Amino acid sequence: MVFRKIISILLILILFSGVIEAILKRIDYNKYIAPGQLVEIDGGKMHLFTKGEGEHTIVLIPGLGTASPYVDFQPLWSRLSANNKVIVLERFGYGFSDITTKERSLEKIVYEMHEALRISDGKPPYTLIGHSFGGTISMAYANIYPDEVTNIVMLDSAIPNAYEEWKPPSQPIVAIIPMLKTTGLLRLITKSSSVMEGLRG
């Protein structure tokens, strides 16, 4: 009987948290507007942030799991844009770009990136700066479109062979993330972590 009451209370709390999350998500959607250009690529919108002027174009490519490449790369683009045109390319599923259910092969990612850059006001050949997995994407881009790349800068990037042995998280772990987002528990966890870091700091 006590166990059933505890379960009922937990379910009510999760339902309440989900309603609050839906409200906060709508507020966030209206509050945070993409600072760059949203371009139509293969049925979805991809975010490109462009800063600076210059004859040379630098493209910043994020690694895996970067929530907001635009914010993450801010220390770089704010300085590099003094003498160059800098583009922060947010792949599908990152930052202000749409989420996609289409295949995430390296070739597909490079194709989407190429189409987005073609629409942008940046002109090839580019200097590609890739962080982590972004370095592997940079190398793949240079192999497929060699005439469009002058330089590649690797920021803490692994060689492509490293990803052959890498195994993605198991399906139950991947499946639980959307559930945590929908119920608002992910927001609660990240906010709690930020508060704790602040207290420790």
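First, a word on scope: everything that follows refers to the structure included in this document. Just so it is clear, the structure is predicted and the values come from calculations on it, not from any experiment. Every chain begins its residue count from 1, and numbering advances along the sequence as written. Two thresholds apply to this predicted model, a pLDDT of at least 70 for residue-level local features and 80 or more for giving and counting side-chain atom pairs, whereas whole-chain, interface and lining totals are computed over all residues. Processing note: side-chain calculations cover all non-hydrogen atoms of the structure and skip hydrogens and water entirely.

### Focus on the packing of helix H4 (residues 106–119) against helix H5 (residues 133–144)
At a minimum axis separation of 10 Å, H4 and H5 run at an interaxial angle of 75°. Relative to H5, the element H4 lies roughly perpendicular. Contacts between H4 and H5 involve Leu106, Ile109, Val110, Met113, His114 and Leu117 from the first element and Phe133, Thr136, Ile137, Ala140, Tyr141 and Ile144 from the second. Residues are grouped as follows: nonpolar covers Ala, Val, Leu, Ile, Met, Phe, Trp, Tyr, Cys and Pro; charged covers Asp, Glu, Lys and Arg; every other residue, Gly included, is treated as polar. When grouped by side-chain class, the residues that make up the contact of H4 with H5 number ten nonpolar, two polar and no charged. Between N-to-C directions, angles span 0 to 180 degrees; the directions come from axes that are lines fitted to C-alpha atoms, helices contributing only their stretch in contact. Labels follow the DSSP assignment, with helices taken as runs of H or I lasting at least four residues and strands as runs of E lasting at least two, numbered in each case from the N terminus. When describing relative orientation, an angle under 35 degrees is termed roughly parallel and one over 145 degrees roughly antiparallel, while 65 to 115 degrees is termed roughly perpendicular and anything else oblique. Should any heavy atoms of two residues lie within 4.5 Å, those residues are considered in contact.

### A few points about the pattern of salt bridges
Only one rule defines a salt bridge in this text: a Lys or Arg side-chain nitrogen within 4 Å of an Asp or Glu carboxyl oxygen. The final tally for this structure, using the stated rule, is five salt bridges. Between Asp42 and Lys108 there is a salt bridge; the shortest N-O distance is 2.5 Å. Of this pair, Asp42 sits in the loop between strand E1 (37–41) and strand E2 (44–51) while Lys108 sits in helix H4, and the two are 66 residues apart along the sequence. The cut-offs for exposure are 20% and 50% of the maximum accessible area for each residue type, with area from a 1.4 Å probe on protein chains only; residues under the lower value are buried, those over the upper are exposed, and the others partly exposed. Judged by its relative accessible area of 15%, Lys108 falls in the buried class. A cluster of three or more residues bridged by salt bridges with shared partners is formed by Asp42, Lys102 and Lys108.

### Let's talk about H5
What a helix should span is 1.5 Å times the count of its residues minus one. With twelve residues, H5 extends 17 Å from end C-alpha to end C-alpha; this agrees with the ideal 16 Å at 1.5 Å per step. In terms of residue burial, H5 counts as a mostly covered element, since nine of its twelve residues are buried. Among the residues making up H5, those that are buried are Phe133, Gly134, Gly135, Thr136, Ile137, Ser138, Ala140, Tyr141 and Ala142.

### Some remarks on unusual backbone geometry
With omega at 5°, the peptide bond leading from Pro124 into Pro125 counts as cis. Take Pro125: it is sitting in the loop between H4 and strand E5 (126–131). Phi at Ser132 is positive, roughly 55°, even though this residue is not glycine. Among the secondary structure elements, Ser132 is positioned in the loop between E5 and H5. With a phi close to 50°, Asp156 is a non-glycine residue in the positive phi region. Within the fold, Asp156 resides in the loop between strand E6 (149–155) and helix H6 (161–165).

### Details of the sheet that holds strand E3 (residues 57–61)
Ordered by their spatial adjacency, six strands build an open sheet running E1-E2-E4-E3-E5-E6, and the pairing between neighbours is mixed. If you trace the sheet from one side to the other, it starts and ends with E1 and E6, each paired once. Taking each pair of neighbouring strands and ignoring which way they run, the sheet shows an average axis angle of 25°. By the bridge criterion, five bridges tie E1 to E2 in an arrangement that is antiparallel. Within the sheet, the bridge partner assigned to Gln37 lies in E2 and is Leu48. Sitting on the sheet, H4 is in contact with E1, E2, E3, strand E4 (85–90) and E5, with an inclination near 125° to E1. Contacting E3, E5 and E6, H5 runs over the sheet at an angle of about 150° to E5. Strand pairing is assigned whenever DSSP identifies at least 2 bridges connecting the two strands.

### What about the packing of aromatic side chains?
Between rings of Phe, Tyr and Trp, where Trp is taken as its six-membered ring, a pair exists when centres lie within 6.5 Å; planes separated by under 30 degrees are stacked, by over 60 edge-to-face, and by other angles tilted. Scanning the entire structure with this criterion turns up four aromatic pairs. Note on Phe49 and Trp77: the rings are 4.7 Å apart at their centroids and 55° apart in plane angle, and the pair reads as tilted. Remark: Trp77 occurs in helix H3 (residues 74–80) and Phe49 occurs in strand E2; sequence separation between them is 28 residues. Look at Phe49 and you get buried, because its relative accessible area is 8%. In this structure an aromatic cluster arises from ring pairing among Phe49, Tyr70 and Trp77. For the cation-ring pair, Arg91 lies above Tyr94, with the distance from its terminal atom to the ring centre recorded as 4.6 Å. Only lysine NZ and arginine CZ atoms are considered, and such an atom sits over a ring when it is within 6 Å of the ring centre and within 35 degrees of the ring normal.

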